[in-house]
Amino acid sequence: MLTRTRPINPEAYGAFLKGDYLLYKGIPGIGKSVEFFRQATQLDPSFAEAHAGLAEALCYAGTFGLRPSAETGPEARVAALRALALDESNARAHNALGAVKVGYDWDLAGSQLEFKRALQLNPSHLLSRIWYAESLARLQRYDEALAEADRAL
């Protein structure tokens, strides 16, 4: 059930959609997706989903070496926390924060909490399932990691 609504800035939403589209086009689209998500957050600073998208895009940029993770980790954390300050129920922001905890902080226990919260909020969020499975593998919990990867499929 939808419990809250708010007006959406059409330009911000358009930039968000472009960022999302490019993010899932693969490595060549990641850099441009960061730009579109930034644009969306500038056009509408209260657009939680745009902040969460920016956080995920920054995680990808660091993972694939498009920018140093020493830059992308802290930036992704800020974007994810901003999204959560706006909407604590944003699964995508919890997922991105989990990714920061795994890839930048090396806080595997903390990442587990974030991934589980993301999946509690949105059991269908594919990226959360994949990143959670990867974090389980890092903890050498291989059976659980494979089961989570199967759920993702």
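Residues numbered from 1 in each chain as written. Predicted model: local features only at pLDDT ≥ 70, side-chain atom pairs only at ≥ 80, totals over all residues. Heavy atoms only, no water.

(A) Broad picture of helix α3 (residues 48-63). Its 16 residues place the ends of α3 23 Å apart at the C-alpha level, agreeing with the 22 Å of an ideal helix rising 1.5 Å per residue. In terms of burial, α3 is a largely internal element, 14 of the 16 residues being buried. Immediately beyond the C-terminal end of α3, within one or two residues, lies G65, with a positive phi of roughly 70 degrees. (Helix = DSSP H or I, 4+ residues; strand = E, 2+ residues; numbered from the N terminus. Expected span 1.5 Å × (residues − 1). Buried < 20%, exposed > 50% of the residue type's maximum accessible area, 1.4 Å probe, protein only.)

(B) Region of interest: the side chain of E56. Structurally, the position occupied by E56 is in helix α3. E56 gets classed as buried once you look at its relative accessible area, which sits at 0%. In terms of polar contacts, E56 uses its side chain to reach the side chain of N95, at 3.1 Å. Among all residues touching E56, those that are not within four sequence positions of it are L23, Y24, R92, N95, A96, H125, L127 and W131. (Polar contact = N/O pair within 3.5 Å; in protein donor to acceptor, adjacent residues only side chain to side chain. Contact = heavy atoms within 4.5 Å.)

(C) The arrangement of the packing of aromatic side chains in detail. Scanning all chains against the criterion turns up seven aromatic pairs. Arranged with centres 5.3 Å apart and planes meeting at 50 degrees, the rings of F16 and F47 form a pair that is tilted. Within this pair, whereas F16 is found in helix α1 (residues 10-23), its partner F47 is found in the loop between α2 (27-43) and α3, the two being separated by 31 residues in sequence. Assigned by exposure class, F16 and F47 land together as buried. Ring geometry for F115 versus Y132: centroids 6.3 Å apart, planes at 45 degrees, classification tilted. (Phe/Tyr/Trp six-rings, centres within 6.5 Å; stacked < 30°, edge-to-face > 60°.)

(D) Looking closely at the environment of V102. Looking at the secondary structure, you find V102 in helix α5 (residues 91-103). A residue is classified by how much of its surface remains accessible, and V102, at 3% relative accessible area, is buried. Beyond its immediate sequence surroundings of up to four residues, V102 is in contact with D107, L108, S111, F115, E134, S135 and R138.

(E) Quick look at a nonpolar patch on the surface. Taken together, the side chains of I8, Y13 and L17 present a nonpolar region at the surface, about 270 Å² in accessible area. A relative accessible area of 37% means that Y13 is categorised as partly exposed. (Patch = residues over 30% accessible without salt bridge, like charges linked within 9 Å, V, L, I, M, F, W, Y side chains within 5 Å. Areas by Shrake-Rupley, 256 points an atom, 1.4 Å probe, with all protein chains shown as cover. Salt bridge = Lys/Arg side-chain N within 4 Å of Asp/Glu carboxyl O.)

(F) Expanded view of the pattern of salt bridges. Counted under the stated rule, the structure contains 13 salt bridges. A salt bridge links D20 to R92; the nearest nitrogen and oxygen atoms lie 2.4 Å apart. Note that D20 is positioned in helix α1 and R92 in helix α5, a separation of 72 residues in sequence. Of the two residues, D20 and R92, neither departs from the other in class, the shared state being buried. When salt bridges with common partners are traced through the structure, they connect D20, E49, E56 and R92 into a single cluster.

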